[in-house]
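Listed here are the chains, written in short residue letters.
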Amino acid sequence: MRLTKNRKVILNLLEKQKRPLSAQLIYDLLPEKTMDLSTIYRGLEKLYEHNILAKSTLNQTAYYYLNKKDHFHYMLCLGCQKMIKLDCYLEHFVAELEKTDNLKIVSHDLTFYGYCSNCQ
Ligand SMILES: [Zn+2]
Ligand SMILES: [Zn+2]
């Protein structure tokens, strides 16, 4: 994939913010509005297709974050929409699935939904 200037800007922003961002949030955070919303959407989807980004959906809005090797999961609070980062404890479970069902699992994508300590 060609990493265009726009896509680099998006990646830098996600790197700096260290939290999942929607296209709209990215647009709002752009210091100079060098790209429009649809360019951001397309860029995010391309980066997602190439596994550079992961995404979670909350209230029909897609939030994207960097798909790092040491990966995490997020719990989306249905009350305040905060995203809480969680470590992944699924390795053992995945290994078990591979063995029982004779699969080769290469990645997974999982989002938790619930209420944070403030919203319970
Ligand atoms: Zn909350
Ligand atoms: Zn995981």
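Caption draft 1: Just the overall build of the protein, in detail. Assigned secondary structure in the protein consists of 4 helices and 5 strands. In the protein, the succession of helices and strands from N to C terminus is α-α-α-β-β-β-β-α-β. Its C-alpha atoms give the protein principal-axis dimensions of about 50 × 40 × 25 Å. In the protein, which comprises 120 residues, the share counted as buried stands at 17%.

Caption draft 2: Spotlight on the nonpolar core. Ranked by size, the top nonpolar core spans 13 residues in total, and within it Ile10, Leu44, Leu53, Tyr64 and Tyr65 carry the most contacts. At the level of secondary structure, the elements contributing two or more residues to this core comprise helix H1 (5–17), helix H2 (23–29), helix H3 (37–49), strand E1 (53–58) and strand E2 (61–66).

Caption draft 3: Molecular detail of the packing of H1 against H3. Where H1 contacts H3, the two axes come as close as 10 Å, and the packing angle between them is 75°. Taken together, the axis directions place H1 and H3 in an arrangement best described as roughly perpendicular. Contacts between H1 and H3 involve Asn6, Arg7 and Ile10 from the former and Thr39, Ile40, Gly43, Leu44, Lys46 and Leu47 from the latter. Here the contact of H1 with H3 is built from residues that sort into 4 nonpolar, 3 polar and 2 charged.

Caption draft 4: Quick look at the pairing of strand E4 (residues 83–87). In this structure, strand E3 (residues 72–77) lies alongside E4, joined through 5 bridges in antiparallel fashion. What sits directly across from phenylalanine 72, in E4, is aspartate 87. Linking two consecutive strands that pair antiparallel, namely E3 and E4, is a turn of 5 residues; a positive phi of about 65° is found at glutamine 81 within it.

Calculation rules
Residues numbered from 1 in each chain as written. Chains lettered and ligands numbered in written order. Predicted model: local features only at pLDDT ≥ 70, side-chain atom pairs only at ≥ 80, totals over all residues. Helix = DSSP H or I, 4+ residues; strand = E, 2+ residues; numbered from the N terminus. Buried ≥ 20, exposed ≤ 12 C-beta atoms within 10 Å, placed from the backbone. Core = buried A, V, L, I, M, F, W, Y, C linked by C-beta atoms within 7 Å. Axes fitted to C-alpha atoms, helices over the stretch in contact; angles between N-to-C directions. Parallel < 35°, antiparallel > 145°, perpendicular 65-115°, else oblique. Contact = placed C-beta atoms within 7 Å. Nonpolar A, V, L, I, M, F, W, Y, C, P; charged D, E, K, R; others polar. Pairing = 2+ DSSP bridges.

No statement about biological role is implied by the geometric values presented.
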